[in-house]
Every structure is written in C-alpha cells, then in structure tokens.
Amino acid sequence: MKKFFLNIWKYLKDWKNLLGHTLLGLAIIFVSAILPIPWWARLMVFVVLVVFNIFRERFFTAVFRKKPSVPEKEG
C-alpha cells in the first residue's frame, strides 16, 4: 500500500501531468460554462487522462530508457 501511495505522489509531482491536469481543468470549466456537463462525465475525462498519462510514462520509459554506459577497462 505504501508503494501505491508513493507512486501516486511521484505521478502528481511530474510537471507534464500538472500541466495536463491544469489545462484539462480549465477546459472543463470553460466547457461547463457554455454547455453543462454531468459530474460523472467530468470524472470520466479525468480518469481517462490519468490512465493515458500512466501508459505514456511507461511507454516512454520503455522506449527511451538510456542504457548505462560501461567504461572500458584501461590496460
């Protein structure tokens, strides 16, 4: 359970996620001012964004992971 909360904390500290959630929040406020949306639709959009970001982080980590360089032995 501790690992779960630590991963959520790490996820929320990522600046890309903060920017994404901020832009999504502003978009929801703007859209809801023009076209009222049920609360459950806003919640679903938020959940989809969180899941998308989790998959994005895992994908980029797997694809662009830098391999540790091994120094050559000097003779």
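Data block above holds the structure.
Note that residues are indexed from 1 along each chain, following the sequence as it is written. The predicted nature of this model means local features are confined to residues of pLDDT at least 70 and side-chain atom pairs, given and counted, to a pLDDT of 80 or more, with totals for whole chains, interfaces and linings taken over all residues. Side-chain figures throughout are based on the complete set of non-hydrogen atoms in the structure, without hydrogens or water.

A. Examining the overall build of the chain more closely. When helices and strands are counted, the chain shows three helices and zero strands. Counting from the N terminus, the helices are the DSSP runs of H or I reaching at least four residues and the strands are the DSSP runs of E reaching at least two. The linear arrangement of helices and strands in the chain, starting from the amino end, is α-α-α. For the chain, the proportion of its 75 residues judged to be buried stands at 13%. Per-residue and other accessible areas were derived by the Shrake-Rupley procedure at a 1.4 Å probe size, with only the shown protein chains allowed to occlude residues. Working note: accessible area of the chain is about 7,200 Å², and carbon and sulfur atoms make up 74% of it. Working definition: with a 1.4 Å probe on protein chains only, accessible area under 20% of the residue-type maximum means buried, over 50% means exposed, and in between means partly exposed.

B. Inspection of helix α2 (residues 15–34) at higher detail. Over its 20 residues, α2 extends 29 Å from the first C-alpha to the last, a length consistent with the 28 Å expected when each residue adds 1.5 Å. Among the residues making up α2, those that are buried are Asn17, His21, Leu24 and Ile28. Along the long axis of α2, the arc covered by the buried residues comes to 65 degrees, so they all point the same way. Relative to its buried face, α2 has exposed residues pointing more than 90 degrees away, namely Trp15, Leu26, Ile29, Phe30, Ala33 and Ile34. Contacts are residue-level and defined by heavy atoms, with any inter-residue pair within 4.5 Å sufficient. For α2, the elements touching its buried residues are α1 (2–13) and α3 (39–64). To estimate the expected span of a helix, subtract one from its residue number and multiply by 1.5 Å. By construction, the arc corresponds to the directions joining the helix axis to the C-beta atoms.

C. Representation of the packing of α1 against α2 within the structure. Simply put, an axis is a line fit to the C-alpha atoms, just over the touching stretch for a helix, and the angle between two N-to-C directions goes from 0 to 180 degrees. At their nearest, the axes of α1 and α2 sit 5 Å apart, and the two run at 70 degrees to each other. One finds that α1 runs roughly perpendicular with respect to α2. Across from Tyr11, Leu12 and Lys13 in α1, the residues of α2 making contact are Trp15, Asn17, Leu18 and His21. Taken together, the residues that form the contact of α1 with α2 break down as four nonpolar, two polar and one charged. Oblique is the label for any angle not covered by the other classes, which are roughly parallel (under 35 degrees), roughly antiparallel (over 145) and roughly perpendicular (65 to 115). Any residue that is not Ala, Val, Leu, Ile, Met, Phe, Trp, Tyr, Cys, Pro, Asp, Glu, Lys or Arg is counted as polar, Gly included; the first ten are nonpolar and the last four charged.

D. Focus on the layout of surface pockets. Cavity means a closed set of points on a 1 Å grid over the protein atoms alone, one where a 1.4 Å probe fits but cannot get out, pocket means an open set with protein on both sides within 12 Å along at least 5 of 7 lines, and lining means a residue has an atom within 4 Å of a point. Grid points are joined across faces, edges and corners, and a volume is the space filled by probe spheres set on the points. Computed from the structure, the largest pocket encloses a volume of approximately 410 Å³. Lining the largest pocket, in full, are Phe4, Asn7, Ile8, Lys10, Tyr11, Leu12, Asp14, Val50, Ile54, Glu57, Arg58 and Thr61. Broken down by secondary-structure element, the contributors of at least two residues to the lining of the largest pocket are α1 and α3. The greatest single-element share of the lining of the largest pocket, amounting to six residues, is contributed by α1.

E. Seen up close, a nonpolar patch on the surface. Nonpolar side chains (Val, Leu, Ile, Met, Phe, Trp, Tyr) within 5 Å and like charges within 9 Å form the patches, drawn only from residues with over 30% relative accessible area and no salt bridge. In the sections that follow, a salt bridge refers to a side-chain nitrogen of Lys or Arg positioned within 4 Å of a carboxyl oxygen of Asp or Glu. A cluster of nonpolar residues, Trp39, Trp40, Leu43, Met44, Phe46, Val47, Val51 and Phe55, forms a patch on the protein surface that exposes about 870 Å² of accessible area. Among the residues examined, Val51 registers a relative accessible area of 37% and is labelled partly exposed.

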